[in-house]
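A structural walkthrough
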Amino acid sequence: MEWRSTTLAFYGVGAAVVATSLVTLRRRLQLSMAKHASLTGHARMARWMASFVPFYQYDDARFFCSDDAPREIAAVRRAGLMRLSALYKTRFAETTRRTDEVSGGISDLQFTEAYRVPFQYGAFLRQHLKFGAFVQSSAGVTVTDLDGNRFYDLTGSYGVNVFGYDFYKEAIGRGLERVRELGPVLGAYHPVIADNVRRLQEISGLDEVSFHMSGTEAVMQAVRLARYHTRRSHLVRFCGAYHGWWGDVQPGIGNPVPAHETYTLNDMSGDSLRVLRTRRDIACVLVNPLQALHPNAGAPADASLVDSSRSAQFDKGAYADWLKQLRAVCTERNIVLIFDEVFVGFRLAVGGAQEYFGVRADLVTYGKTLGGGLPIGVLCGRKDLMRRFRDERPADICFARGTFNSHPYVMAAMHEFLQHLETPQACAVYRDLDHVWNERAQRLNQRLREQALPVQVANMSSIWTVCYTHPARYNWMLQYYLRAEGLALSWVGTGRLIFSLNFTDNDFAAVADRFVAAARAMQDDGWWWCDAATTNKSIRRRILKEMIAHRFSSRRAIT
């Protein structure tokens, strides 16, 4: 009898272990199914794969025919590059010289130059085409370099520039006058902060505000507060989304330490909603609304243009429906929904993505343009989530502080910006905003199609990206032709064009003329040649073969 009881107990324990294992396996399978199939959706695999990519570069001859172009096409490309090089050396001489002087001491410049184009082409290209990093003035929708060249500015100052540089210069100037008597006193507040808080509460529809030194810091605090109040460990981010450079929101390539408490899930996916409904360790969900333009894809940059597979298409209705589903699940499971509007805040609407998509978040982060042109990060949130201490446990706190939080100069410039939002001029800018920018994108696309140029643009209001319509390995060259035509791009090249909202129809017409001229010149110089057998898949397969060959070879240059 005793033996039978022991046996039954043993079987019971075994059954319990099996049941637990099955539950664990089911949860892991759900999590796997909720990840995007690309490397971007699998952070650990992406980091592992990145460690095996070897460095190699194309020599002089191979640079012009890495796609097996015939000799005559390679010759046309070489002549085109040499003409462009001569133009750059003449037109941008002083700007380039000053950039060369400082690049050895500025690590950011070294990074951007190394990753402006696919690495195989970089060394040869830098010998002949150099980007200058200096500008000396701005006016209207243009910037002027050290050689006196005026460019239509499509950088948007990384998203800061919503209303135009003239407005921000005036806002900073008026703000400094307002707080001049106080100066850079830190810790205590200038009275202007009270009005800023009131306006931010109205704009965000949330109860409380905290100020930080950058958008990255604001996101860090939002996640920390969510973990503090839910007593849960994990955050959810969506594949491809950018939320700053700190570790927990950058679990893949670029972070030297794995993020163990981050789930990267598939955007706009029912499988992801199932994970949110079933797991008990999720504190918050981070949403960057800009991903609506290219769901599950990383921030586009010309350094990744190894082929023409980059795509983008904005469907406002579909993304709004997704956010509403996400909102419902987060409410049901007591998960904090965070909108990261550091980039899109005040660009899509006065009330940001919350107003634009018709969905309310629990916490919202702002930055960039809100500072009136000066650096800032802002977190707005529900009262219960913003509290940094517990009344019942006085030693259990959620600490966050920064030396320059609420700097008087920043607060004063912010005040000018927030006041401007209520003016008739600002209201007129936001009226029919989508219609204006959608129509402009459609006009440019029509012109490109009429001239049989293999380029199209996709947009989310005034945020644009360039896509390429047939397979090619040299799409990244377009950024150099655009610069030659007087269009200023950020270091990511054609991946992201950001227009300030003060572009008039005449301004945009000039940009469109220059864009088409640049694309036509690039086509005439042979960079978009391809044969009938070329596909994006065949291009990627060729590059993979090159990498494998060089992984097991001491050679560094392909001839």
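Structure first, text after, so check above.
For clarity, every value in this text was computed on a predicted model and none was experimentally measured.

Formed by 131 residues in total, the largest nonpolar core has its most connected members in L326, M477, L478 and F515. Among the elements that take part in this core, helix α19 (residues 505-524) stands out by supplying nine residues, more than any other. Leaving out residues up to four positions away in the same chain, L326 has contacts with F238, L273, L276, V285, V287 and L337. Counting 18 residues, the second-largest nonpolar core is a separate cluster that includes L225, Y228, C284 and L286.

So, about the packing of aromatic side chains. Scanning all chains against the criterion turns up 41 aromatic pairs. Ring geometry for Y121 versus Y474: centroids 5.5 Å apart, planes at 65 degrees, classification edge-to-face. Of this pair, Y121 sits in helix α7 (residues 119-128) while Y474 sits in the loop between β15 (463-468) and α18 (478-484), and the two are 353 residues apart along the sequence. Looking at Y474, the relative accessible area reads 0%, which means it is buried. Aromatic side chains F167 and Y168 sit 5.0 Å apart centroid to centroid with 75 degrees between the ring planes, which places their arrangement in the edge-to-face category. Each member of the pair, F167 as well as Y168, is classed as buried. Members of the aromatic cluster, connected to one another through ring pairs, are F55, Y56, Y58, F63, F64, F119, Y121, F124, Y474, W476 and W527. Here the basic side chain of R116 rests over the ring of F131, its NZ or CZ set 4.1 Å away from the ring centre.

This paragraph deals with the packing of helix α8 (residues 165-178) against helix α15 (residues 408-420). Angle between the axes and distance between the axes: these two values describe a pair of packed helices. Packing of α8 against α15 leaves a shortest axis separation of 8 Å and a crossing angle of 125 degrees. Judged by the inter-axis angle, α8 sits oblique to α15. When the axes of α8 and α15 are compared, the crossing they make is right-handed. Together, F167, Y168, A171, I172, R174, G175, L176 and R178 of α8 and Y409, A412, A413, H415, E416, F417, Q419 and H420 of α15 make up the contact between the two elements. Across the contact of α8 with α15, the residue classes break down as nine nonpolar, four polar and three charged.

Turning our attention to the sheet that holds β15. Two modes of strand pairing occur in sheets, parallel and antiparallel, and in both the strands are linked by backbone hydrogen bonds. Pairing is antiparallel across the open sheet formed by three strands, whose spatial order is β14-β15-β17. In this open sheet, the two strands that pair with only one neighbour each are β14 (455-460) and β17 (497-498). Examined bridge by bridge, β15 and β17 share two bridges and lie antiparallel to one another. Looking across to β17, one finds that I463 is bridged to I498. Where helix α17 (residues 433-450) meets the sheet, its contacts fall on β14 and β15, and the angle it forms with β14 comes to roughly 175 degrees.

Turning our eyes to something else, we now look at the pairing of strand β11 (residues 377-381). Counting buried positions along β11 gives five out of five residues, so the element sits mostly inside the fold. Burial along β11 is two-sided: G377, L379 and G381 facing one way and V378 and C380 facing the other are all buried. When strand β5 (residues 208-212) meets β11, the two strands line up antiparallel, connected through five bridges. Among the inter-strand pairings, V209 is bridged to a residue of β11, identified as C380. Bridge count for strand β10 (residues 363-367) against β11 is five bridges, and the pairing is antiparallel. Looking at the pairing, L363 lines up with G381 of β11.

This part is about the pattern of salt bridges. All told, the structure shown has 35 salt bridges when counted by the stated rule. For D525, the salt bridge goes to R83, with nearest N and O atoms at 2.6 Å. In this pair, D525 sits in the loop between α19 and α20 (536-551) while R83 sits in helix α4 (residues 71-91), placing the two residues 442 residues apart along the sequence. The class of D525 is buried, set by a relative accessible area of 7%. The shortest N-O distance in the salt bridge between E177 and R180 comes to 2.4 Å. In this structure R180 comes out as exposed when scored by relative accessible area, which is 53%. Here the salt bridges share partners, and the residues they tie into one network are D195, R198, R199, E202 and E422.

Glancing now at the pairing of strand β9 (residues 336-340). Of all five residues making up β9, five are buried, and the element is well covered by its neighbours. Examined bridge by bridge, strand β8 (residues 282-287) and β9 share four bridges and lie parallel to one another. If you follow V287 over to β9, its bridge partner there is F339. The sheet contact formed by β9 and β10 spans three bridges and is parallel. Note that in β10 the partner of I338 across the bridge is L363.

This part covers the sheet that holds strand β2 (residues 137-139). Read from one edge of the open sheet, four strands run β2-β3-β4-β16, paired in mixed fashion. Strand pairing shows two members of the sheet lacking a second neighbour, β2 and β16 (487-488), which therefore form its edges. Pairing of β2 with strand β3 (residues 142-144) involves three bridges; the strand directions are antiparallel. Across the sheet, S138 pairs through a bridge with V143, a residue of β3. Running over the sheet, α8 touches β2, β3 and β4 (150-153) and is turned about 110 degrees from β2. Lying over the sheet, α19 contacts β4 and β16, oriented at roughly 105 degrees with respect to β4.

Reading the values: rules and limits
- Residues numbered from 1 in each chain as written.
- Predicted model: local features only at pLDDT ≥ 70, side-chain atom pairs only at ≥ 80, totals over all residues.
- Heavy atoms only, no water.
- Core = buried A, V, L, I, M, F, W, Y, C linked by side-chain atoms within 4.5 Å.
- Buried < 20%, exposed > 50% of the residue type's maximum accessible area, 1.4 Å probe, protein only.
- Helix = DSSP H or I, 4+ residues; strand = E, 2+ residues; numbered from the N terminus.
- Contact = heavy atoms within 4.5 Å.
- Phe/Tyr/Trp six-rings, centres within 6.5 Å; stacked < 30°, edge-to-face > 60°.
- Lys NZ or Arg CZ within 6 Å of the ring centre and 35° of its normal.
- Axes fitted to C-alpha atoms, helices over the stretch in contact; angles between N-to-C directions.
- Parallel < 35°, antiparallel > 145°, perpendicular 65-115°, else oblique.
- Left-handed = near helix turned anticlockwise from the far one by under 90°.
- Nonpolar A, V, L, I, M, F, W, Y, C, P; charged D, E, K, R; others polar.
- Pairing = 2+ DSSP bridges.
- Salt bridge = Lys/Arg side-chain N within 4 Å of Asp/Glu carboxyl O.

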